[in-house]
Amino acid sequence: MALLSSLLRRRDIWKRIAVERLTEPLHLNVAAAVVAVLGTTRGKIAFDVLVRQQHAFGLLDAADAARERGLSRVTVVELGVGSGTGLLNICDLAKRVEAATGIGFEIVGFDTGEGLPPPDDYRDHPELYKEGWFPLDRAALERALPANARVVYGDLRDTIDDFVRTLSPAAPLGFATLDVDYYSSSLHALRLFLGDATCYLPTVCVYVDDVHERTHTRFAGELLAIEEFNAEHELRKLDADRGLIYHRVFKHAEWLQHMFKLHVFDHPERSSIEKPAEIVAVDNPYL
């Protein structure tokens, strides 16, 4: 109840309701209200009634893909923990999704633990983010984290590569959030996606947080880092999940514009050119 009360006092929540929900058809909002009270976890994710819809969708997407492949676990990474609210939200939602799908989660956050470092130049959006912002209470967060979650502290340039080497095909990376604000930090964060192909799902759902402010642009910040990542890596590409909107009930939700997919083109499922065992044919009703 305390969390709900806190959320209801936030002006951005009410603004989002007005812009995203009240512009949608009335019958969909009525249906969502019913699902919020009576629906299953999968239904609540479909109707965007769980807090931080992007996390709920990403976790379910990863779990479904893992289950299709006979896996029992999947890895989730948050790049940029801040106060820890998002990481704890991921942990809470992961419990719900595990109960619905049977897929377990290994959850890892990355953060300096000391707030933002000094920005390097304009590409780090110093008009938006300042040195020392977003510190976390390390001890309190550690006490609140469940057994399947942990935080790796330090500069990403020093921590990310060692972590990537620990990824396993038994629990491949299935969902990640990029929320390090700076271009310079994002360059290191995106090395998360450069491990062995079998340690990832063939496509990985990625939420990119910092793309919505007035001065965000593909010439600075996280979007510039993504452009450079794509230019440098032939077989790993991050692209906007453009088709997602066509599969969602509510199409005005801001989070949809933040969703990307990591395409692992060298994954065995996406790179085999062997002749298939069966031929797929489609009936022609005109013949």
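In every chain, residue numbers begin from 1 and rise along the written sequence. Only residues with pLDDT of at least 70 get local features here, since the model is predicted, and only at 80 or more are side-chain atom pairs given and counted; chain-wide, interface and lining totals rely on the full set of residues. Side-chain measures here rest on the full set of heavy atoms in the structure, leaving out hydrogens and waters.

Engineer: Where do I start with a nonpolar patch on the surface in this structure?
Structural biologist: Candidate patch residues must exceed 30% relative accessible area and have no salt bridge, after which like charges are joined if within 9 Å and Val, Leu, Ile, Met, Phe, Trp or Tyr side chains if within 5 Å. For the accessible areas, the method is Shrake-Rupley and the probe is 1.4 Å, while residue cover comes only from the protein chains on display. The salt bridge definition used is simple: a Lys or Arg side-chain nitrogen within 4 Å of an Asp or Glu carboxyl oxygen. Taken together, the side chains of Leu26, Val30, Val34, Val37 and Leu38 make up a nonpolar region of the molecular surface, amounting to roughly 550 Å² of accessible area. What counts as a helix is a DSSP run of H or I of at least four residues, what counts as a strand is a run of E of at least two, and both are numbered from the N terminus. By the secondary structure assignment, Leu26 is in helix 3 (residues 26–38). We classify Leu26 as exposed; its relative accessible area is 68%. A simple rule labels every residue: compare its accessible area, found with a 1.4 Å probe on the protein chains alone, to the largest value its type can have, and call it buried under 20%, exposed over 50%, or partly exposed in between.

Engineer: Could you clarify how one ought to interpret the nonpolar core in this entry?
Structural biologist: Soluble globular proteins tend to pack their nonpolar side chains together in the buried interior. In plain words, nonpolar cores are sets of buried Ala, Val, Leu, Ile, Met, Phe, Trp, Tyr and Cys residues tied together by side-chain atoms within 4.5 Å. Judged by nonpolar contacts, the single largest core of 72 residues is most densely connected at Leu79, Leu192, Phe193 and Tyr200. Per element, the largest residue contribution to this core is eight residues, and it comes from helix 5 (residues 53–68). Working rule for contacts: check all heavy atoms of both residues, and any pair within 4.5 Å makes them a contact. If near-sequence neighbours (up to four positions away) are discounted, Leu192 is found in contact with Val77, Leu79, Ile160, Phe163, Val164, Leu167, Leu173, Ala176 and Tyr200. The next biggest cluster of nonpolar side chains, apart from the first, holds five residues, and it includes Leu28, Ala32, Val35 and Phe47.

Engineer: What's the story with the pairing of strand 1 (residues 73–79) in this structure? I'm lost.
Structural biologist: For a regular strand, side-chain orientation follows a simple rule: the groups alternate between the two sheet faces. With six of seven residues buried, strand 1 lies mostly within the body of the structure. Note on pairing: two strands pair once DSSP finds at least 2 bridges between them. For strand 1 and strand 2 (residues 104–111), the ladder comprises seven bridges, and the chain directions are parallel. Bridge pairing in strand 2 links Arg73 to Gly104. Following the backbone out of strand 1, through helix 6 (residues 85–101) and into the adjacent parallel strand 2, one traces a crossover that is right-handed. For strand 1 and strand 4 (residues 173–178), the ladder comprises five bridges, and the chain directions are parallel. Think of it like this: strands point away, you trace from the first strand over the helix to the second, and a clockwise trace means the crossover is right-handed.

Engineer: Would you mind going over the packing of aromatic side chains with me for this structure?
Structural biologist: In this description, a pair of aromatic rings is defined by centroid distance and the angle of the planes. Stacked, tilted and edge-to-face are the three classes applied to pairs of Phe, Tyr and Trp rings, where Trp contributes its six-membered ring and a pair requires centres within 6.5 Å; stacked means planes under 30 degrees apart, edge-to-face means over 60, and tilted covers the rest. Following the criterion strictly, the structure yields five aromatic pairs and no others. Seen in terms of ring centroids, Phe110 and Phe163 are 5.2 Å apart; in terms of plane orientation they differ by 75°. Their pairing is edge-to-face. On the criterion of sequence distance, the pair formed by Phe110 in strand 2 and Phe163 in helix 8 (residues 156–164) is long-range, its members being 53 residues apart. A relative accessible area of 7% places Phe163 in the buried class. Ring geometry for Phe193 and Phe229: centres 6.4 Å apart, planes at 80°, overall edge-to-face. Of the two residues, Phe193 sits in the loop between helix 9 (183–189) and strand 5 (200–208) while Phe229 sits in helix 10 (residues 221–232), which places them 36 residues apart along the sequence. The exposure class assigned to Phe193 is buried, which follows from its relative accessible area of 1%. The side chain of Arg138 reaches across the aromatic face of Tyr153, ending 3.7 Å from its centre. The rule for a charge over a ring is simple: NZ of Lys or CZ of Arg within 6 Å of the ring centre, and within 35 degrees of the ring normal.

Geometry only, nothing functional implied.
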